[in-house]
Amino acid sequence: MIKVGVIGATGYAGQQLVWILNNHKEVKIEFISSYSNAGENMGDVYANYKKYFEKKLISQEEAEKSFGKIDVLFLALPHGLSEKMTKKALENDVKVFDLGADFRLDDSETYEKWYDVKHEFPEINQSAVYGLPEINRGKIKESQVIACPGCYPTSAILGAAPLLKNKVVKTDKIIIDSKSGVSGAGRSAKIDTIFTEVNENFKAYGVLKHRHTPEIKQEMDKLSESDINVVFTPHLLPINRGILSTIYLEVNEKWKESLTEEKIYEIYNEFYKNEYFIRVTENLPEIKNVKNSNICEIGVRYDSKSGNIIVISAIDNLIKGAGGQAVQSMNIMFGFEENMGLEFLSMYI
C-alpha cells in the first residue's frame, strides 16, 4: 500500500486527483492539504465527498511535517509554489508528482522567460522527467520527480506524436487550434470565467503568448529531432471540462506520392498499439467520448491533393490532462498495472 499526500487538494485538478486516489486499491491517502480551506473537511468544500470521504484538510506547514509518513507527494499548485516543497520531499526520500508547471520545461531560462519565476534549485528541474506515459514510460519508472504535462500539451503532443516520430510531416509550421472547458482556468474567481462571460460565448485567449507553447514545442522537437515552428491558439468553450485540439500539418515531400489516409491510420495504430488509454478512431473525436475518463481519442483526415493532414484529439483536461495522467505515471513508477484505478470509461451524458 502506497501512502500519499496531496497539496492543493481543493482546486479542480486537485479534487479530481483525490477522487481517483480514493478509488485506487493500492493507495492510502495520508493527508490532503489546502491553503484556502485548511481546517475544513473535504465534504464541506465539495459536497459530493460528504459521508464517503470526510478527511480534514490541513495547512501546507502541517503537510510538510508529515513528509516522513508518505511515499508519494502530489502537488496541484499554481506555478512557482512547488519547488521548495519538492526539495523538502526529496530530502525525506519522497517521490514527487507535480501537476503544476515548475518542472515541465527543461531549460530554467525558458521557464523564467515564460513564467517570470526563477528556479531556486535548478538541479531539481534537471532531474525531473516529463510525465507523458505514452512517450516517456521508461524514464518515468526511474525518476524521483515527475513533471505532469499541461492539459493542452497532452492533447497536442499525443495527437501529433506518430507523425513527428516517423518524420511524415514538415516542421516549418505546425498549427494547433485547441478548445478547453472552463475548469482549465482553475477554481479561483476571475471575471473572464464567470457564467455570464462564458455562457453563449466562444473566444480565443492567450494568442501568441500562452505558457503551454514552449512546452508543446519542447516535446515536439524531441519527437521530430528538429526545430519546430509551433503556432498554438487556445480557445474557451462554454462547457465544464474537456479539450478538443485540431492540429494542422503538411506532409513531407518524400511521403507525398505514397501516403494515403489508410497508411496514416496504420502509422497511428502501430505507434499506439499497446496503449490502453489511446483510442485511435476513424470517426472524428468528440469531447463527450472521453469526458470523465483518462482516454485520449485521436482521429485523422488527409487531403492528398494539398498534402494537408488534420489530426483531431480529445481528452478530459482534469483527468488525462491532470490527475488521471499523474496516477498513470505513479502506476508505472511502482510497477502496478498502468490502468489501476483508472479503468472507468467516459460517461457520455
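Thresholds applied
- Here the residue numbering is sequential within each chain, running from 1 through the sequence in written order.
- Two thresholds apply to this predicted model, a pLDDT of at least 70 for residue-level local features and 80 or more for giving and counting side-chain atom pairs, whereas whole-chain, interface and lining totals are computed over all residues.
- With hydrogens and water excluded, all non-hydrogen atoms of the structure serve as input to the side-chain values.
- Any two of the Phe, Tyr and Trp rings considered here, Trp counted by its six-membered ring, make a pair once their centres fall within 6.5 Å; the pair's planes then place it as stacked at under 30 degrees, edge-to-face at over 60, or tilted in between.
- A helix here means a DSSP run of H or I that spans at least four residues, while a strand means a run of E at least two residues long, and both kinds are numbered starting from the N terminus.
- Buried residues are those whose accessible area, probed at 1.4 Å on protein chains only, stays under 20% of the maximum for their type, while exposed residues exceed 50% and partly exposed ones sit between those limits.
- Where each domain starts and ends follows an automatic or database-derived domain assignment.
- Residue contacts are defined here by distance: any two heavy atoms, one from each residue, within 4.5 Å place the two residues in contact.
- Note: buried area is the sum, over both parts, of the accessible area (probe 1.4 Å) each one loses when the two are combined.
- Salt-bridge detection follows one rule: a side-chain nitrogen of Lys or Arg within 4 Å of a carboxyl oxygen of Asp or Glu.
- Pairing of N or O atoms within 3.5 Å defines a polar contact, subject to two protein rules: one partner must be a possible hydrogen donor and the other a possible acceptor, and residues neighboring in sequence count only if both atoms are side-chain atoms.
- UniProt positions are given in the numbering used here, feature names are shortened, and annotations may be inferred rather than shown by experiment.
- One less than the residue count of a helix, multiplied by 1.5 Å, gives the span that helix is expected to have.

1. Here we look at the packing of aromatic side chains
The tally for this structure, following the rule as stated, stands at 9 aromatic pairs. Where Trp19 meets Phe344, the ring centres are 5.5 Å apart and the plane angle is 85 degrees; that geometry is what we call edge-to-face. Of the two residues, Trp19 is situated in helix H1 (residues 12–22) and Phe344 in the segment after helix H13 (319–333); the sequence distance between them amounts to 325 residues. By relative accessible area, Trp19 is classed as partly exposed at 36%. Between Tyr46 and Tyr49 the ring centres are 6.4 Å apart and the planes differ by 70 degrees, which places this aromatic pair in the edge-to-face class. Its relative accessible area of 4% is what places Tyr49 among the buried residues. Clustering of aromatic rings is evident, with ring pairs tying together Tyr46, Tyr49 and Phe53.

2. A closer look at the domain arrangement of the protein chain
Domain annotation for the protein chain reports domain 1 (2–148 + 322–334) and domain 2 (152–315). For domain 1 versus domain 2, the separation of C-alpha centres amounts to 25 Å. At the junction of the two partners, domain 1 supplies 21 residues and domain 2 supplies 26 residues. Carbon and sulfur atoms make up 54% of the surface buried where domain 1 meets domain 2, a total of about 2,000 Å² over both sides. Looking only at domain 1, the three residues that lose the most surface to domain 2 are Tyr12, Trp114 and Glu134, adding up to 30% of its buried area. Where domain 1 touches domain 2, the interface holds 3 salt bridges. Where Glu215 meets Arg104, a salt bridge forms, and the shortest distance between an N and an O atom there is 3.6 Å. Where domain 1 touches domain 2, the interface holds 12 residue pairs in polar contact (both at pLDDT 80 or more).

3. Let's talk about the UniProt feature "domain: Semialdehyde dehydrogenase NAD-binding" (unreviewed entry) in the protein chain
Sites flagged by UniProt as "domain: Semialdehyde dehydrogenase NAD-binding" (unreviewed entry) map to residues 3–143. With 38% helix and 17% strand, residues 3–143 has its two end C-alpha atoms placed 18 Å apart.

4. Focus on helix H8 (residues 151–165)
Taking 1.5 Å of rise per residue, 15 residues should cover 21 Å, and H8 covers 21 Å from first to last C-alpha, within 8% of that figure. Counting buried residues in H8 gives 14 out of 15 residues, a clear majority hidden from the surface. Where H8 ends, the next residue or the one after it, Lys167, has phi of about 55 degrees, a positive value.

5. So, the pattern of salt bridges
Scanning all chains against the criterion turns up 21 salt bridges. The residue Glu275 makes a salt bridge to Arg137 at a minimum N-O spacing of 2.6 Å. Separated by 138 residues along the polypeptide, Glu275 in the loop between helix H12 (261–271) and strand E12 (278–280) and Arg137 in helix H7 (residues 133–142) bring together distant segments of the chain. Note on Glu275: relative accessible area 12%, which makes it buried. Note on Arg137: relative accessible area 27%, which makes it partly exposed. A salt bridge links Lys170 to Glu253; the nearest nitrogen and oxygen atoms lie 3.6 Å apart. On the criterion of sequence distance, the pair formed by Lys170 in the loop between H8 and strand E8 (174–180) and Glu253 in helix H11 (residues 253–256) is long-range, its members being 83 residues apart. Each member of the salt-bridge network shares a partner with another, and the members are Asp106, Glu219 and Lys222.

6. Points about unusual backbone geometry
Notably, Lys51 is not glycine yet its phi reads approximately 80 degrees, a positive angle. Relative to the assigned elements, Lys51 resides in the loop between helix H2 (42–45) and strand E3 (57–58). Classification of Lys51 as exposed rests on a relative accessible area of 67%. Look at Glu200: it is not a glycine, yet its phi comes out positive at around 55 degrees. Within the fold, Glu200 resides in the loop between helix H9 (195–198) and strand E9 (203–204). Taking the relative accessible area as the measure of exposure, Glu200 reaches 76% and is therefore exposed.

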